[in-house]
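# Structure at a glance
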Amino acid sequence: MTAARISPLANPTFRRLFAAQVCSLLAIGLMTVAMSLAAYRIGGAAAAGQILGFLLAVKMVAYVGIAPLAEALLAGAPRKRVMVGLNAARMLLLLPMAFATETWQIAALALVFFAVSSGFTPLFQSVIPDVLPDEHAYSRALVWSRIAYTLESVLSPVIAAIVLQLIAAEFLFWVAALAFVGSILGLLITRFPADTGAQRKGPFLTRALNGLHIYRKTPRLRGLFLFNFALSLSMAWVLVNSVVLAGTTLGDAERHFPILMTLYGLGAAIGAVLVPRLIERLDERRVMAVGALTHAALGFGIALPLGYAGHLALWLAFGLAASLVLTPGGLVIARSARAVDRASVFAAQFSLSHVGWLVAYPLAGQLAALAGLTPSLLVLSALTAGVALLAIRVWPAADPLTRSHVHPDLPSDHPHLRDTPAHGARHRHAHPFHIDVLHPEWSDSQSA
């Protein structure tokens, strides 16, 4: 077994891309803190929450609506050049944010910033399977990626607090821009894998909707969406209401909220590390099902008399269960699309997953306000369990990559039939099956 198979960090290309990702995530984390402080500066204590909620809604709208369009617009261009350009654009957009004095000004800049991000993230995600074609190495790369996301959410506020001892809050946007410089340098020194050469053809709208079409036609991708949506329902409660619980139940929000979220992040990191071995023993479907149903079961635990240590243990377990659902997603997508379609499917996943959060975040906040913390989590956990059971039903247990199927309409000398020899009058053959022009419908036949 090669070193790259054991650890993706042994691969120098992945190592540099990972460094670029860490810098990019740090930049976004610092930008989010700076945006929160800007909302307070503009609106004061009375309106800061409304302004920040509006800005986060702008973020979700950009992510949901623009990701597929951006992927189609950028398809065919050299990936390295595009990613460097998008990072440079994000860096430049941060500079005028320091001088924004009105809500509409920062909202307009944020809309463009998150629109650019919606083009960058799926493209970045689609490069990693090309860098690490070995499935074992790629599954471990997803672990590192999930840990990077977790550390970003924990470390960004800490770094921001340190930096704010030296500079005014509005110039935190410029520190975030410096982090993008690190990301750009990481991309520039990376030798990207060669593009596939093939390009999707057709009208712009058809290409923009290609990833969503593949998603809709592929059962395991529909299951992936449902598992992610299931998790978002109860996980949104944790992310939205932990600070409220820390203040009301534990008695001191400023002291206990960071501790709860640190335990949550630690659990997420532990869960991510466990995922590759769990997938080897089970499979992605079972691992995600265990994670979603466990997260729901843990939510019911909020009704127990937990005590302080019990709450810490519960938040640790919440993070672990969430990672079992979130970490395998990239592997599922890589198995479900041709290399030429991979970026569009990652864009579809990026968009659809944020649709789930767009529903879950306000639902978690409103339910808690109307029914209280404990009843709202019980309701959301029940919904998580119900949607997870639907995902299990939608994603078949027997789900091989290679599938037997027929091509009755293709001539015998068609290149596709020469690449993978076929038999009989209906040209039956088997190969790794993906939805595309030659395979517009899912095949339920399995290879022997």
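Quantities reported herein were computed from a predicted structural model and do not represent experimental measurements. All chains use their own residue numbering, which begins from 1 and follows the written sequence. Per-residue local features of the predicted model are confined to residues with pLDDT of at least 70, and side-chain atom pairs are confined, for both listing and counting, to 80 or more; whole-chain, interface and lining totals are unaffected and use all residues. With hydrogens and water stripped out, all remaining heavy atoms of the structure feed into the side-chain values.

## Details of the overall build of the protein chain
Along the backbone of the protein chain there are 16 helices and 2 strands. Its C-alpha atoms give the protein chain principal-axis dimensions of about 75 × 50 × 40 Å. Buried means the residue's accessible area, taken with a 1.4 Å probe over protein chains only, is under 20% of the maximum for its type, while exposed means over 50%, and partly exposed covers the values in between. Per-residue burial for the protein chain yields a buried fraction of 50% across its 448 residues. Of all intrachain contacts in the protein chain linking residues separated by at least 6 positions in sequence, the fraction that spans at least 24 positions is 81%. When the accessible area of the protein chain is evaluated, it comes to approximately 19700 Å², of which 67% is carbon and sulfur surface. His residues and chain termini do not enter the charge count, which takes Lys and Arg as positive and Asp and Glu as negative. A charge is said to be at NZ when it belongs to Lys, at CZ for Arg, at CG for Asp and at CD for Glu. Charged side chains in the protein chain number 32 positive and 21 negative. The centres of these two groups are separated by 3 Å. Comment: elements are numbered from the N terminus, with helices defined as DSSP H or I runs of at least four residues and strands as E runs of at least two. We call two residues in contact when some of their heavy atoms are within 4.5 Å. Only the protein chains shown count as covering a residue, and every accessible area follows the Shrake-Rupley method with a 1.4 Å probe.

## What to know about the nonpolar core
Residues enter a nonpolar core if they are buried and are Ala, Val, Leu, Ile, Met, Phe, Trp, Tyr or Cys, with the set joined through side-chain atoms within 4.5 Å. By size, the foremost hydrophobic cluster in this structure holds 117 residues, and its most contacted members are Trp237 and Trp315. Ranked by residues supplied to this core, first place goes to helix α2 (residues 12–74) with 19 residues. Contacts of Trp237, omitting those with residues within four sequence positions, involve Ser242, Leu245, Ile302, Trp315, Ala364, Leu373, Ser376, Leu377 and Leu380.

## Focus: a nonpolar patch on the surface
Surface patches are drawn from residues lacking salt bridges whose relative accessible area is over 30%; two like charges belong together within 9 Å, two nonpolar side chains (Val, Leu, Ile, Met, Phe, Trp, Tyr) within 5 Å. Salt bridge, as used here: a side-chain nitrogen of Lys or Arg that lies within 4 Å of a carboxyl oxygen of Asp or Glu. Where nonpolar side chains cluster on the molecular surface, the patch consists of Leu178, Val181, Leu185, Leu188 and Ile189 and spans about 480 Å² of accessible area. In this fold, Leu185 is placed in helix α6 (residues 172–188).

## What to know about the packing of helix α3 (residues 79–97) against α6
Under this scheme, a helix contributes an axis fitted over its contacting stretch, all axes are lines through C-alpha atoms, and angles between N-to-C directions fall in the 0 to 180 degree range. Where α3 contacts α6, the axes come no closer than 8 Å and their chain directions differ by 170°. With respect to their mutual orientation, α3 and α6 come out roughly antiparallel. Between α3 and α6, the residues in contact are Lys80, Met83, Val84, Asn87, Ala88, Arg90, Met91, Leu94, Leu95 and Met97 and Phe173, Trp174, Ala176, Ala177, Phe180, Val181, Ser183, Ile184, Leu187 and Leu188, respectively. When grouped by side-chain class, the residues that make up the contact of α3 with α6 number 16 nonpolar, 2 polar and 2 charged. An angle counts as roughly parallel when it lies under 35 degrees, as roughly antiparallel when it exceeds 145, as roughly perpendicular when it falls between 65 and 115, and as oblique in every other case. In this classification, Asp, Glu, Lys and Arg are treated as charged, Ala, Val, Leu, Ile, Met, Phe, Trp, Tyr, Cys and Pro as nonpolar, and every other residue, Gly included, as polar.

## Examining α6
Multiply 1.5 Å by the residue count of a helix minus one, and that product is the helix's expected span. If you check α6, its first and last C-alpha atoms are 25 Å apart, about what 17 residues at 1.5 Å a residue would give, namely 24 Å. All of the buried residues along α6 are Leu172, Phe173, Ala176, Ala177, Ala179, Phe180, Ser183, Ile184, Gly186 and Leu187. The arc that holds the buried residues of α6, viewed along the axis, is 160°, so those residues lie on one side. Summarising the geometry, the arc corresponds to the directions from the helix axis toward the C-beta atoms.

## Looking at unusual backbone geometry
Residues other than glycine seldom take positive phi values, yet His427 does so here, at roughly 55°. Along the chain, His427 falls in the loop between α16 (415–419) and β2 (429–432).

## Things to note about the packing of aromatic side chains
Here is the rule: rings of Phe, Tyr and Trp (six-membered ring for Trp) pair when centre to centre is within 6.5 Å. Planes less than 30 degrees apart are stacked, more than 60 are edge-to-face, and the remainder are tilted. Applying the stated criterion across every chain yields a total of 16 aromatic pairs. Arranged with centres 5.9 Å apart and planes meeting at 25°, the rings of Phe14 and Phe18 form a pair that is stacked. Of this pair, Phe14 and Phe18 both sit in helix α2, 4 residues apart, roughly one helical turn. Ring centres of Phe171 and Trp174 lie 4.9 Å apart, and the angle between their planes is 65°; this geometry places the pair in the edge-to-face category. Looking at Trp174, the relative accessible area reads 35%, which means it is partly exposed. Members of the aromatic cluster, joined through ring pairs, are Tyr63, Phe113, Phe114, Phe180 and Phe350.

## Comments concerning the environment of Phe113
Checked against the element boundaries, Phe113 lands in helix α4 (residues 103–131). Counting along the chain gives 85 residues from Phe113 to Ile28, while the straight-line C-alpha distance between them is 10.0 Å. Aside from chain neighbours lying at most four places away, what touches Phe113 is Ile28, Met31, Arg90, Leu93, Leu94, Met97 and Phe180.

## Description of the packing of helix α9 (residues 219–248) against helix α11 (residues 284–300)
Between α9 and α11, the least distance of the axes is 9 Å, while the angle of their chain directions is 25°. Put simply, α9 runs roughly parallel to α11. Between α9 and α11 lies a crossing whose hand is left-handed. The segment α9 lies against α11, with Leu224, Phe227, Asn228, Leu231, Ser234, Met235 and Val238 engaging Arg285, Met288, Ala289, Ala292 and His295. Crossings are classed by handedness, with left-handed meaning an anticlockwise turn of the near helix from the far one by less than a right angle and right-handed meaning a clockwise turn.

## Details of the pattern of salt bridges
Counted under the stated rule, the structure contains 10 salt bridges. With its nearest N and O atoms 2.8 Å apart, the salt bridge here joins Asp130 to Arg79. Of the two residues, Asp130 is situated in helix α4 and Arg79 in helix α3; the sequence distance between them amounts to 51 residues. The class for Asp130 is partly exposed, based on a relative accessible area of 22%.

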